[in-house]
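# Results of the structural survey
One-letter residues, chain by chain:
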Amino acid sequence: MVLVSLAGCYLPGRFIRGYAEAEPEGMKLLSADRAYANAPPSVRGQVRFLFDDFGSLNTDNLDRYGQPWKMVGAAIVRDRHRTEGAPLTRGTLERALKEYGFIRPTAVANWAGPQPRFERPMGMIAGMARRGFPGVEIEVSNLGCATCHAGPLYGADGRTTGEVWLGLPNSSIDLDAYSEDAFVALRSELEEPDSLLATLALVFPEVSERELSNLREHVMPAARKELAVRLAEHGGLVPFGNGGPGLMNGIGSLSFLREGLHGDVRSDEVAWAAPPDLAATTMRRSLLVDGVYAAPGRARRGPMTHDEVDGAHLDGLAGVASFFIVTTQGVLPREARRAIPAVREVFDFLHAVMSPPFPGQIDHALALEGAAVYANACAACHGEYSSGLEDVRLLAHPNRLTPQDRMLTDSIRWAAADLDEATRHLGSMGYLKHLEIENGGGYVAPDLGGVWATAPYLHNGSVPTLWHLLHAEHRPERFYVGGHALDYDLMGIAGEVDADGVYRYLDGYQPWSRPALYDTREPGRSNAGHEFRLLKEAEKAALLEYLKLL
């Protein structure tokens, strides 16, 4: 489930009056005549995780986070043609989307059943919204769970394999770059609607005459006016940013949706958060990095084992997480509440998900030494794992919140939550019966399953490798993230520090998506805190080796 905000792909504009709904293409797998129709909830949940829109694909959502997919795609292609000389083809669009960190995988490694087909990049859900009178036909798209929560797998050489793992974070997805480029492209190309429509027909030859007519007569004129308003009011598409590759800004999104942000507040709304591996999410008592949301009447803290996760607990998590599709996909609150049974199946799936195995070599003797270090120095916050060297699994999640005065990491994320305003807003939407909020003044430590594949580290993605996390004095102030390879010795982004003190990718490496510079001196990006000064160097080396087992 999307546990943090995608917001930034909002393409507003009151385009088509009235209501026309679309069915996501991949959701046909759950149709009565398909193999997954009578599958167990956990298997149905994987389909929903990958393809479900949870009620967000309709023409009314074009006022919030929905997108008229073909128009946006054609505008990006025309912009690339104008600025780079790229051909007016679907291939240009595919290359552009890959630059933003979208993935079209060769396979989903932890998929149960026949491999799914991808008509567009993973996580980009779409369907044709139709209505008979007045005649409406328009392909609407949005971003789903897998945009941020299905990450690439890596081989023994540290390079991506083309496969993905559902539940891993995609630390290369850059929704800021995507939305900003789409905004610039649309503002420019909508000034020449005939040329844009001609390109659209080239890139999407399957487009119908009715859809072309809807775009020409309704969508394009309204979009041109709305984008001009956005430029005047916010200096861009929305007044806040997501933070770059692999980061999200759920607090900014929620504030914007409740009309609490005015003007351009990008320099103030900097409560960045990076999504974790979701394999042990169902052992959480509260959700998000600061544990701000929990089910009403249930304990927020205290250990939980895998076997203790019962139906009532999953029901509670589904109720909480259904609210996130309001902020991430623009679903109206009443529709989000109706989607709780679908979200519940996603949690059935997540309860069965495991973290991916480490693909490189492991020094087992050193890893056993590291297990003892982990038990003494890390388990109290990050969880107890099974013993041994094979199939190491999380046995108990402590659900422990570490307060700011002990962790000393960047405080902006947890401090940004305005609980009084949020409570009023949730009450007005009828959501307080599904979740309650609490600011604990710190962060809930995550489990460390799949940690080898989830660089960069800390809640705001401010440390490029686990080696740097363990050696606070060597953490780089600036480093690149996005489309990176992995270093299995340093355990994180492969790179080296240059003469300017910037941690850059190794010479000769071609990133698979567009990298961005992360500057830890900027607000919300501090790499301070969570230091390991009491560990000896040999203990740090052993701990790094042990973490490969998780």
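Notes on the structure follow. (Residues numbered from 1 in each chain as written. Predicted model: local features only at pLDDT ≥ 70, side-chain atom pairs only at ≥ 80, totals over all residues. Heavy atoms only, no water.)

## What to know about helix α19 (residues 537–547)
Here α19 has its buried residues at Lys-540, Ala-542, Leu-543, Leu-544, Glu-545, Tyr-546 and Leu-547. Looking at the buried positions of α19, the neighbouring elements they touch are α13 (364–377), β10 (384–385) and α18 (466–470). (Buried < 20%, exposed > 50% of the residue type's maximum accessible area, 1.4 Å probe, protein only. Helix = DSSP H or I, 4+ residues; strand = E, 2+ residues; numbered from the N terminus. Contact = heavy atoms within 4.5 Å.)

## Thoughts on unusual backbone geometry
That bond from Ala-455 to Pro-456 is cis: its omega, 0°, falls within 30 degrees of zero. Residue Phe-54 is not a glycine yet carries a positive backbone phi of 55°. With respect to the element layout, Phe-54 can be found in the loop between α1 (41–51) and β1 (67–68). On the basis of relative accessibility, which here comes to 4%, the residue Phe-54 falls in the buried class. With a phi angle near 75°, Leu-458 is a residue other than glycine that sits in the positive phi range. Position of Leu-458 relative to the elements: it lies in the loop between β14 (442–444) and α18. Judged by its relative accessible area of 18%, Leu-458 falls in the buried class.

## Looking at the side chain of Ser-462
Tracing the backbone through its elements, the reader meets Ser-462 in the loop between β14 and α18. Relative accessible area serves as the criterion here: at 0%, Ser-462 is assigned to the buried category. Among the polar contacts made by the side chain of Ser-462, one reaches the main-chain carbonyl oxygen of Ser-526 at a distance of 3.2 Å. Apart from the residues lying within four places of it in its own chain, the contact partners of Ser-462 are Tyr-457, Phe-479, Tyr-518, Thr-520, Arg-525, Ser-526 and Asn-527. (Polar contact = N/O pair within 3.5 Å; in protein donor to acceptor, adjacent residues only side chain to side chain.)

## Notes on the environment of Gly-252
By the secondary structure assignment, Gly-252 is in helix α8 (residues 250–257). Classification of Gly-252 by relative accessible area gives buried; the value is 0%. The sequence separation of Gly-252 and Val-238 amounts to 14 residues, and the corresponding C-alpha distance is 9.8 Å. The contacts of Gly-252, once residues within four sequence positions are left out, are Phe-240, Leu-261 and Glu-269.

## Digging into the sheet that holds strand β15 (residues 478–481)
Pairing in this open sheet of 4 strands is mixed, and the strands run β18-β19-β15-β20 from one edge to the other. Lying at the two open borders of the sheet, with one neighbouring strand each, are β18 (496–497) and β20 (516–519). (Pairing = 2+ DSSP bridges.)

## Things to note about the side chain of Ser-322
You can see Ser-322 is positioned in helix α9 (residues 311–322). Of note is the side chain of Ser-322, whose polar atom sits 2.6 Å from the side chain of Tyr-431. Dropping the residues within four chain positions of it, Ser-322 is found in contact with Ala-336, Ile-340, Val-343 and Tyr-431.

## Considering empty space enclosed by the protein
In the structure shown here, the tally under the stated rule is 4 cavities of 30 Å³ or more. Volume-wise, the largest cavity comes out at about 820 Å³. Here the lining of the largest cavity gets 3 residues from one element, more than from any other, and that element is α18. Classifying every residue of the lining of the largest cavity by side-chain character gives 27 nonpolar, 10 polar and 3 charged. For the second largest cavity, the calculated volume is near 90 Å³. (1 Å grid on protein atoms, 1.4 Å probe; cavity = no way out; pocket = protein on both sides within 12 Å on 5 of 7 lines; lining within 4 Å. Points joined across faces, edges and corners; volume = space filled by probe spheres on them. Nonpolar A, V, L, I, M, F, W, Y, C, P; charged D, E, K, R; others polar.)

## Concerning helix α2 (residues 69–84)
An ideal rise of 1.5 Å per residue puts 22 Å on 16 residues; α2 measures up with 22 Å between its terminal C-alpha atoms. Counting buried positions along α2 yields 12 of 16 residues, so the element is predominantly enclosed. Buried residues of α2: Trp-69, Lys-70, Met-71, Val-72, Gly-73, Ala-74, Ala-75, Ile-76, Val-77, Arg-78, Asp-79 and Arg-80, and no others. Trailing α2 by a residue or two, Gly-85 shows a phi angle of about 75°, which is positive. (Expected span 1.5 Å × (residues − 1).)

## So, the pattern of salt bridges
What the rule picks out here adds up to 33 salt bridges. One salt bridge connects Glu-84 with Arg-80, and the closest N-O pair in it is separated by 3.8 Å. Here Arg-80 and Glu-84 lie together in helix α2, a separation of 4 residues that amounts to about one turn. Classification of Glu-84 by relative accessible area gives exposed; the value is 53%. When its relative accessible area of 6% is taken as the criterion, Arg-80 is described as buried. (Salt bridge = Lys/Arg side-chain N within 4 Å of Asp/Glu carboxyl O.)

## A closer look at the sheet that holds strand β7 (residues 286–287)
Reading across from one edge, β7-β8-β13 is the order of the 3 strands in this open sheet, with antiparallel pairing throughout. Because the sheet does not close on itself, it has two edges, and the strands there are β7 and β13 (436–437). Summarising the sheet, β7 and strand β8 (residues 293–294) pair through 2 bridges and their orientation is antiparallel. Note on β8: the bridge partner recorded for Ser-286 is Ala-294.

## Some words on the packing of α2 against helix α6 (residues 193–203)
Look at α2 against α6: their axes get within 9 Å of each other, and the N-to-C directions meet at 100°. In this view, α2 runs roughly perpendicular relative to α6, as classed from their interaxial angle. Contacts from Lys-70, Met-71, Ala-74, Ala-75, Val-77 and Arg-78 in α2 reach Ser-195, Leu-196, Thr-199, Leu-200 and Val-203 in α6. A breakdown of the residues in the contact of α2 with α6 according to their chemical character gives 7 nonpolar, 2 polar and 2 charged. (Axes fitted to C-alpha atoms, helices over the stretch in contact; angles between N-to-C directions. Parallel < 35°, antiparallel > 145°, perpendicular 65-115°, else oblique.)

## Quick look at the nonpolar core
The nonpolar side chains of a soluble globular protein tend to be buried with one another. The biggest cluster of nonpolar side chains holds 107 residues, and the ones touching the most others in it are Phe-49, Tyr-293, Phe-323, Tyr-374 and Leu-547. Counting residues per element, this core draws most heavily on helix α12 (residues 340–352), at 7 residues. (Core = buried A, V, L, I, M, F, W, Y, C linked by side-chain atoms within 4.5 Å.)

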